[in-house]
Amino acid sequence: MTPQFSNLLRRKALLAVIFAASVIGSDQATASERNVESTESIVQQLTNHSQAKPEMRALYLFIVANHLLNGSSKAQMEAQFGPVVNSRSWYPKNFNQLVVSWAEQISLDARDADYGKTKAQTKPATQPMAAEESSLTNSAIKEALALIDSSPDIFTKLHFTFMASRLYQKLGNTDGMLQCRKILEEAFQASEKNSSVDSEQIKATASILNSMAYGFIPLRIADYQQEPKKPLKPFTEADFKASEELKLRAAAFADRLAHTDHVRRKAHRDLALWYLELGKSESAEREKQVLFELVGAKDDSLLIPQIRGCGQLVWWEKAQPGLGREFSCGMG
């Protein structure tokens, strides 16, 4: 039986699931309630939608901003996201995966070879916007940041700051972009230099660096590959070098974690497969050997998790004959 919970399918679902929130999480609001026109903008409605968690409202606001920057109009956003305000509080269990997927997408949309350098990037990545859409976009980003300002979740907070920096970049709001970059760089430096830095911050900064790398080469390494891989779009040597530099920095952050930590092991596993996909066999072998040292065993099957039970992934175990297969769920 094909694994139902493969990473690839989850990834595909994540980008679509947020738009189905009003259906999945509907509280059966009446038709008249849905059709009531509000004097508030969609940004104000989402910001004030107290039934949803602040982190979820912030993510909606970033998605609205990204759509506007990609050419959608204010009226289109009102029509598409208005129903969300009439849905009940909705917070997926895989929220972190959803955040990472959007961080990668926004990174790709706003790709800029100068990102991360100290000089200001004053040229917006998109064509000039109408004043109304530009103001609404700026408001969406600002309100999203305010919503997560006091969040104790460092993973979400730093990823949202990263997304805001890229959206501000596309908008041409240099001050906002540089302010976000400053916050991120301080977090990166803390992860590199502070011996007592929190492990969750290390994991968050490593994840953000991988999202940055995705902007140069949009290649995801699935936990468990199920479907045929899509051809990778051509990239330049400069793209490769920029992406590699970011991914190696992310792996260096992960190496500050314990050798048994899943995130540290997976960083080298993913990097080995990333190099392999790009035809860099020597680099792939190097990362594979680092993984073997961390796991304490040498076997290529360690690169692929075993499938147990109802699609459960079991990591860092060698494949054994007769084990690692999918079993029918609910059979006892």
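Residues numbered from 1 in each chain as written. Predicted model: local features only at pLDDT ≥ 70, side-chain atom pairs only at ≥ 80, totals over all residues. Heavy atoms only, no water.

Draft legend 1. Inspection of the overall build of the protein chain at higher detail. For the protein chain, the helix and strand inventory stands at 14 helices and two strands. Here the protein chain, with 332 residues, has 47% of them falling under the buried criterion. Residue pairs in contact within the protein chain that sit at least 24 positions apart in sequence constitute 71% of those at least 6 positions apart. In the form shown here, the protein chain has an accessible surface area of approximately 16700 Å², with 51% of it arising from carbon and sulfur atoms. (Helix = DSSP H or I, 4+ residues; strand = E, 2+ residues; numbered from the N terminus. Buried < 20%, exposed > 50% of the residue type's maximum accessible area, 1.4 Å probe, protein only. Contact = heavy atoms within 4.5 Å. Areas by Shrake-Rupley, 256 points an atom, 1.4 Å probe, with all protein chains shown as cover.)

Draft legend 2. The arrangement of the packing of helix α13 (residues 262–277) against helix α14 (residues 281–295) in detail. Here α13 crosses α14 at 160°, and the two axes come no closer than 8 Å. By the angle between their directions, the pair α13 and α14 is classed as roughly antiparallel. When you trace α13 past α14, the crossing you get is left-handed. Here Arg264, Arg265, His268, Arg269, Leu271, Ala272, Tyr275 and Leu276 of α13 lie close against α14, whose contacting residues are Ser283, Ala284, Arg286, Glu287, Lys288, Val290, Leu291, Leu294 and Val295. Across the contact of α13 with α14, the residue classes tally to nine nonpolar, two polar and six charged. (Axes fitted to C-alpha atoms, helices over the stretch in contact; angles between N-to-C directions. Parallel < 35°, antiparallel > 145°, perpendicular 65-115°, else oblique. Left-handed = near helix turned anticlockwise from the far one by under 90°. Nonpolar A, V, L, I, M, F, W, Y, C, P; charged D, E, K, R; others polar.)

Draft legend 3. Focus on the packing of helix α5 (residues 54–69) against helix α8 (residues 131–148). Packing of α5 against α8 leaves a shortest axis separation of 8 Å and a crossing angle of 160°. Considering their axes alone, α5 and α8 lie roughly antiparallel with respect to each other. Considering only the axes of α5 and α8, their crossing is left-handed. Facing Pro54, Glu55, Arg57, Ala58, Leu61, Phe62, Ala65, Leu68 and Leu69 of α5, the residues of α8 in contact are Glu133, Leu136, Thr137, Ala140, Ile141, Glu143, Ala144, Leu145, Leu147 and Ile148. Residue composition of the contact of α5 with α8, by class: 14 nonpolar, one polar and four charged.

Draft legend 4. How the structure looks around the nonpolar core. With 58 residues, the main nonpolar core has Phe62, Ile141, Phe160 and Met163 as its most contacted residues. Looking at this core, the element that brings in the most residues is α5, giving eleven residues. Excluding residues that lie within four positions of it along the chain, Met163 makes contacts with Leu59, Phe62, Val99, Trp102, Ala103 and Ile106. Judged by nonpolar contacts, the second largest core, of 19 residues, contains Ile221, Phe240, Ala284 and Val295. (Core = buried A, V, L, I, M, F, W, Y, C linked by side-chain atoms within 4.5 Å.)

Draft legend 5. Up close: the environment of Met56. Here Met56 shows up in helix α5. C-alpha separation for the pair Met56 and Leu147, spaced 91 residues apart in sequence, amounts to 9.4 Å.

Draft legend 6. Geometry of helix α9 (residues 154–171). Here α9 is 18 residues long and its end C-alpha atoms lie 25 Å apart, about the 26 Å a rise of 1.5 Å per residue gives. Where α9 begins, one side-chain oxygen reaches toward the backbone nitrogen of Phe155, 3.1 Å away; that side chain belongs to Asp153. In the stretch just after α9, Gly172 is the one whose phi turns positive, near 90°. (Expected span 1.5 Å × (residues − 1). Polar contact = N/O pair within 3.5 Å; in protein donor to acceptor, adjacent residues only side chain to side chain.)

Draft legend 7. Expanded view of unusual backbone geometry. Within the chain, Trp316 stands out as a residue other than glycine whose phi angle is a positive 65°. What makes Trp316 buried here is its relative accessible area of 14%.

Draft legend 8. How the structure looks around the confidence of the model for the protein chain. Averaged over every residue, the pLDDT of the protein chain is 81; residues scoring 70 or more account for 77%. Counted against residues more than four places away or in other chains, residues 1–37, with its pLDDT under 50, gives 74 contacts. Here residues 112–126 is a poorly scored stretch, pLDDT under 50, and it has 33 contacts once near neighbours within four places are set aside; other chains count. (pLDDT = per-residue confidence, 0-100.)

Draft legend 9. Expanded view of the pattern of salt bridges. Within the structure shown, the criterion is met by 15 salt bridges. As a salt-bridge pair, Glu287 and Arg286 come within 3.3 Å of each other at their nearest N and O atoms. Residue Arg286 is classed as partly exposed on the basis of its relative accessible area of 41%. In this structure, Lys288 engages Asp300 in a salt bridge whose closest nitrogen and oxygen atoms are separated by 3.0 Å. Of the two residues, Lys288 sits in helix α14 while Asp300 sits in the loop between α14 and β1 (306–308), which places them twelve residues apart along the sequence. Its relative accessible area of 46% is what places Asp300 among the partly exposed residues. Connected via shared salt-bridge partners are Asp223, Lys266, Arg269 and Asp270. (Salt bridge = Lys/Arg side-chain N within 4 Å of Asp/Glu carboxyl O.)

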